[in-house]
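Chain residues, written in single-letter form:
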Amino acid sequence: MITFTKRVIIMQGKRTSICLCENEWQILENICRRENMRRNALLNLIKTNKSKKIAFTPAVRLFMLNYLHFIYPQALLAQNHPTITVSGLLNLMR
């Protein structure tokens, strides 16, 4: 079962909340660790660079999806990391 967690964060001096599932929070933390950034710094970058047509939470999800699609595979290839299968990804969603 997928559970969602809402967290309150301070962005540009204002409190705001974002609701992501636990896997998304883990992905966000992994990106921050890999890029040596604080979570609020990354979220501020996403917020200030997103299109005005898209809400904040979907912009965060889109950023993570693009990061995993364009940037992370290069790191995996450099480390000779085994490729995950579609069934493996589906199992992670349970």
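Going by the structure above, here's the rest.
Residues numbered from 1 in each chain as written. Predicted model: local features only at pLDDT ≥ 70, side-chain atom pairs only at ≥ 80, totals over all residues. Heavy atoms only, no water.

Across its full length, the protein chain holds four helices and two strands. Mapped from its N terminus to its C terminus, the protein chain presents α and β elements in the order β-β-α-α-α-α. Here the contacts in the protein chain between residues at least 6 apart in sequence split such that 43% fall between residues at least 24 apart. As displayed, the protein chain offers around 7,100 Å² of accessible surface, 58% of which is attributable to carbon and sulfur atoms. (Helix = DSSP H or I, 4+ residues; strand = E, 2+ residues; numbered from the N terminus. Contact = heavy atoms within 4.5 Å. Areas by Shrake-Rupley, 256 points an atom, 1.4 Å probe, with all protein chains shown as cover.)

Under the definition given, this model contains one aromatic pair. Here Phe-63 and Tyr-67 contribute two aromatic rings whose centre-to-centre distance is 6.1 Å and whose plane-to-plane angle is 35°, an arrangement assigned as tilted. Residue Phe-63 and its partner Tyr-67 are both found in helix H3 (residues 56-78); the two are separated by four residues, about one turn of the helix. Exposure remark for Phe-63: the relative accessible area of 27% places this residue in the partly exposed category. Above the plane of the ring of Trp-25 lies Arg-7, whose end atom (NZ or CZ) is 4.2 Å from the centre. Here the basic side chain of Lys-47 rests over the ring of Phe-56, its NZ or CZ set 5.3 Å away from the ring centre. (Phe/Tyr/Trp six-rings, centres within 6.5 Å; stacked < 30°, edge-to-face > 60°. Buried < 20%, exposed > 50% of the residue type's maximum accessible area, 1.4 Å probe, protein only. Lys NZ or Arg CZ within 6 Å of the ring centre and 35° of its normal.)

What follows is about the nonpolar core. Counting residues in each nonpolar core, the largest one holds 16 residues, and the members touching the most others are Ile-18, Leu-28, Leu-43, Phe-56 and Val-60. Put simply, the parts of the chain that give this core at least two residues each are strand E1 (4-11), strand E2 (14-21), helix H1 (22-35), helix H2 (39-49) and H3. In terms of residues, this core owes the most to one element, H3, which gives five residues. Residue contacts for Leu-28: discarding those within four places in its chain leaves Leu-20, Arg-39, Leu-42, Leu-43 and Met-64. (Core = buried A, V, L, I, M, F, W, Y, C linked by side-chain atoms within 4.5 Å.)

Another point: H1. For an α-helix the count is 3.6 residues per turn, leaving residues at separations of three or four pointing the same way. End to end, H1 covers 20 Å across 14 residues, agreeing with the expected 20 Å (1.5 Å per residue, within 8%). Along H1, the residues that are buried comprise Glu-24, Trp-25, Leu-28, Ile-31 and Cys-32. Projected down its long axis, H1 shows its buried positions confined to an angular sector of 125°, all on one face. Directly after H1, the chain includes Asn-36, whose backbone phi takes a positive value near 55°. (Expected span 1.5 Å × (residues − 1). Arc of directions from axis to C-beta.)

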